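Analysis of the macromolecular model
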Amino acid sequence: MREYINRNFKVIETHLKRRTKKLSKLNSNSINEEFKEWKDPLFDKDLIWTLPDLTRIERYKNFCRSIKKEIS
């Protein structure tokens, strides 16, 4: 999972470099600051929590059973 996330960060970073060239300085700086928060070194040591894909009814029902609560 961590490799997948690191790979996605690289893709986002390359897109970000291209995108910030087309933006104003102020917008570019704000986007870069936001991205720096994502690249926090503590992220590598923390556990990764993901949300399940609940787009299928079977998965949704299974998730509700696992948390023992019906979500309306």
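Everything below is about the structure printed above this text.
Residues numbered from 1 in each chain as written. Predicted model: local features only at pLDDT ≥ 70, side-chain atom pairs only at ≥ 80, totals over all residues. Heavy atoms only, no water.

So, about the overall build of the protein. If you tally the helices and strands in the protein, you get three helices and zero strands. Secondary structure elements in the protein, listed N-terminal to C-terminal, are α-α-α. Within the protein, the proportion of its 72 residues that are buried is 10%. A separation of at least 24 residues holds for 44% of the contacts in the protein among residues at least 6 apart in sequence. Surface summary for the protein: the accessible area is close to 6900 Å², and the carbon and sulfur share equals 57%. (Helix = DSSP H or I, 4+ residues; strand = E, 2+ residues; numbered from the N terminus. Buried < 20%, exposed > 50% of the residue type's maximum accessible area, 1.4 Å probe, protein only. Contact = heavy atoms within 4.5 Å. Areas by Shrake-Rupley, 256 points an atom, 1.4 Å probe, with all protein chains shown as cover.)

This structure, assessed with the given rule, holds two salt bridges. We note a salt bridge from Lys36 to Glu33, for which the minimum N-O separation is 3.4 Å. With Lys36 and Glu33 both in helix α2 (residues 25-38) and three residues apart, this pair spans about one turn of that helix. For Lys36, a relative accessible area of 54% translates into the label exposed. (Salt bridge = Lys/Arg side-chain N within 4 Å of Asp/Glu carboxyl O.)

Turning our attention to the side chain of Ser28. Turning to its location among the elements, Ser28 is positioned in helix α2. Discounting chain neighbours no more than four positions away, the residues touching Ser28 are Thr20 and Leu23.

Glancing now at the packing of aromatic side chains. Counted according to the given criterion, the structure contains one aromatic pair. With a centroid separation of 6.0 Å and an interplanar angle of 75°, the aromatic rings of Phe9 and Phe35 are classed as edge-to-face. Here the residue Phe9 occupies a position in helix α1 (residues 2-22), and Phe35 occupies one in helix α2, the gap between them amounting to 26 residues. Its relative accessible area of 12% is what places Phe9 among the buried residues. (Phe/Tyr/Trp six-rings, centres within 6.5 Å; stacked < 30°, edge-to-face > 60°.)

If you trace the backbone, Leu16 turns up in helix α1. Under the relative-accessibility criterion, Leu16 is labelled buried at 12%. In this structure, the C-alpha to C-alpha distance between Leu16 and Ser28, residues 12 residues apart in sequence, is 9.1 Å. Beyond its immediate sequence surroundings of up to four residues, Leu16 is in contact with Ile31, Asn32 and Phe35.

What follows covers the environment of Pro52. Relative to the helices and strands, Pro52 resides in the loop between α2 and α3 (57-67). The partly exposed category is assigned to Pro52, whose relative accessible area is 39%. Distance from Pro52 to Phe63, taken between C-alpha atoms, is 8.0 Å for residues 11 residues apart in sequence.

In short, the description is geometric, and any link to function would need to be established separately.
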